[in-house]
Amino acid sequence: MALKRSPLAPRRFPAMPEVAGVRVATAACGIKYKGRTDLCLIAFDAGSTIAGVLTRSKTASAPVEWCRAQLPRGRVRAIVVNSGNANAFTGKAGSASVDRIVAATARRLGCRLGDVFVASTGVIGEALPDGLVVDGLAGLADGLQPAQWKAAADAIMTTDTFPKGASRLTEIGGKPVTLCGIAKGSGMIAPDMATMLAFVATDARLPAGVLQSLLKKSADRSFNSITVDGDTSTSDTLMLAASGKAKHPKIETASDSRLASFKAALDGLLCDLAQQVVRDGEGASKFVTITVTGAASPNAARRIGLAIGNSPLVKTAIAGEDPNWGRVVMAVGKSGERADRDRLAIRIGGVAVAEAGEVVPGYDEAPVGAHMKGSEIDIHVDVGIGRGKARVWTCDLTHGYISINADYRS
């Protein structure tokens, strides 16, 4: 299924540097797609640490369950990712496939089974032809090279129309540190931890516990603040691995003040990747930023924002360039969070639409309608309760979403 590149896509894949202690290789195995790569191996030097957040779906895939079991050890030598098949809802056969892939990778790299992490994305409910993956791994260990980020991003795509990557240069204790990340995602996006698949590598020298604390908070501000269609995947996986090659001072706690710049860089990188996922939303033509203020708490603000972003009525109004702000009012009301109807205020494109629970006197719809014709839509809602605020990102809902998903398995 050939898909037209999203009109919201960045102009090009970013230039991304090498991360010391990290190498990448890809292969075309023919799992589902013909004439393109569908297998990625990211290898890490001995001593590397890892953290992750995984889907809370009750029908999680076999790779997710494997990663969940290995993460407490906090050590990594390899991440193996295939596209075209999610290896989800595949029973004991799915777990056996994971075991074979992990064993083959561990043999190639000479590491423990528990140091190998796996992720799969694609069709749910079909057996993974893991023999193709194992055969593909045979040449990958010899082909590992640094900084092959675009090749890795290409290999993990499914209905994505462009590869997604981002990097940041920062410091810890005055010493340079690099972060590079890739992601995939286009549909089935309503994260309940992270979203789809995303992998970030850094040369920072950080314990797994510190990584985990940083990643969880950063995921909430990024991947857990996006939605395309309200559906949480069986395969959602976000991992952050650190090779330990940077020469910064020893860090033992996530509260260390010397991590301030690193935290900001990690937040920026994950927000960049998460927003790229929304910009590649299936059939999307408009990127929507929803800011909620005046909520009972930041979490309440985020839930209100997601209620707006997940509303089919709001999303189709945006697609139709209709400034129907009453649909925003509806979405706030159904969110389940506290809101003061008579203090509710709405701004669209910076234009005051409603204040004190009613339309503003002399409201002129023309400038709001003009804003709705653009590709970048901004909605600001104050619910008049407290000081909680949050920002979420979504896209519009067009007929293209129906076409892509109706033909997904063909």
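Refer to the structure printed above.
Let me begin by describing the structure that accompanies this report. As the structure is a prediction and not an experimental result, all values here were calculated from the model. (Residues numbered from 1 in each chain as written. Predicted model: local features only at pLDDT ≥ 70, side-chain atom pairs only at ≥ 80, totals over all residues. Heavy atoms only, no water.)

## Some words on the packing of helix α5 (residues 208–221) against helix α6 (residues 260–279)
Here is step 1: Running from N to C, α5 and α6 cross one another at 45°; their axes reach a closest spacing of 9 Å. Taken as axis vectors, α5 and α6 run oblique relative to one another. The two elements α5 and α6 meet at a crossing, and its hand is right-handed. Contacts between α5 and α6 involve Leu-214, Leu-215, Ser-218, Ala-219 and Arg-221 from the former and Phe-262, Lys-263, Leu-266, Asp-267, Leu-270 and Cys-271 from the latter.
Here is step 2: Residue classes in the contact of α5 with α6 are distributed as seven nonpolar, one polar and three charged. (Axes fitted to C-alpha atoms, helices over the stretch in contact; angles between N-to-C directions. Helix = DSSP H or I, 4+ residues; strand = E, 2+ residues; numbered from the N terminus. Parallel < 35°, antiparallel > 145°, perpendicular 65-115°, else oblique. Left-handed = near helix turned anticlockwise from the far one by under 90°. Contact = heavy atoms within 4.5 Å. Nonpolar A, V, L, I, M, F, W, Y, C, P; charged D, E, K, R; others polar.)

## Quick word on unusual backbone geometry
Here is step 1: Backbone geometry places Phe-89, a non-glycine residue, at a positive phi of 60°.
Here is step 2: Among the structural elements, Phe-89 can be located in the loop between β4 (78–85) and α2 (91–109).
Here is step 3: One non-glycine residue, Glu-321, adopts positive backbone phi at about 60°.
Here is step 4: Note on placement: Glu-321 falls in the loop between α8 (312–319) and α9 (326–334).
Here is step 5: With a relative accessible area of 28%, Glu-321 lands in the partly exposed category. (Buried < 20%, exposed > 50% of the residue type's maximum accessible area, 1.4 Å probe, protein only.)

## Some remarks on the sheet that holds strand β15 (residues 388–395)
Here is step 1: Here six strands make up an open sheet; going across it, the order is β13-β12-β11-β14-β10-β15 and the pairing mixed. Where the open sheet ends on each side, the last strands, each with one partner, are β13 (358–359) and β15.
Here is step 2: Direction of pairing for strand β11 (residues 345–348) relative to strand β14 (residues 376–382): antiparallel, over a ladder of four bridges. Among the inter-strand pairings, Ile-346 is bridged to a residue of β14, identified as Val-381.
Here is step 3: Helix α7 (residues 298–310) rests against β10 (287–295), β14 and β15 of the sheet, and its axis sits at about 25° to β15. (Pairing = 2+ DSSP bridges.)

## Quick notes on the sheet that holds strand β3 (residues 49–54)
Here is step 1: Taken in spatial order, the five strands of this open sheet run β3-β9-β8-β7-β6, and their pairing is mixed. Only two strands of the sheet have a single neighbouring strand rather than two, namely β3 and β6 (164–172). Sheet twist, expressed as the mean angle between neighbouring strand axes with direction ignored, is 15°.
Here is step 2: Looking at chain direction, strand β8 (residues 197–202) and strand β9 (residues 237–242) are connected through six bridges and run parallel. When the sheet's bridge partners are listed, Val-200 is paired in β9 with Leu-240.
Here is step 3: Strands β3 and β9 of the sheet are contacted by α5, whose axis makes an angle of about 35° with β3.

## Considering the state of the cysteines
Here is step 1: Summed over all chains, the structure comprises zero disulfides.
Here is step 2: Summary of cysteine pairing: Cys-180 is not part of a disulfide, and the nearest cysteine sulfur, belonging to Cys-40, is at 13 Å.
Here is step 3: In this structure Cys-395 is a free cysteine whose sulfur lies 17 Å from that of Cys-271, the closest cysteine sulfur available. (Disulfide = S-S within 2.5 Å.)

Taken by themselves, the reported measurements are silent on function.
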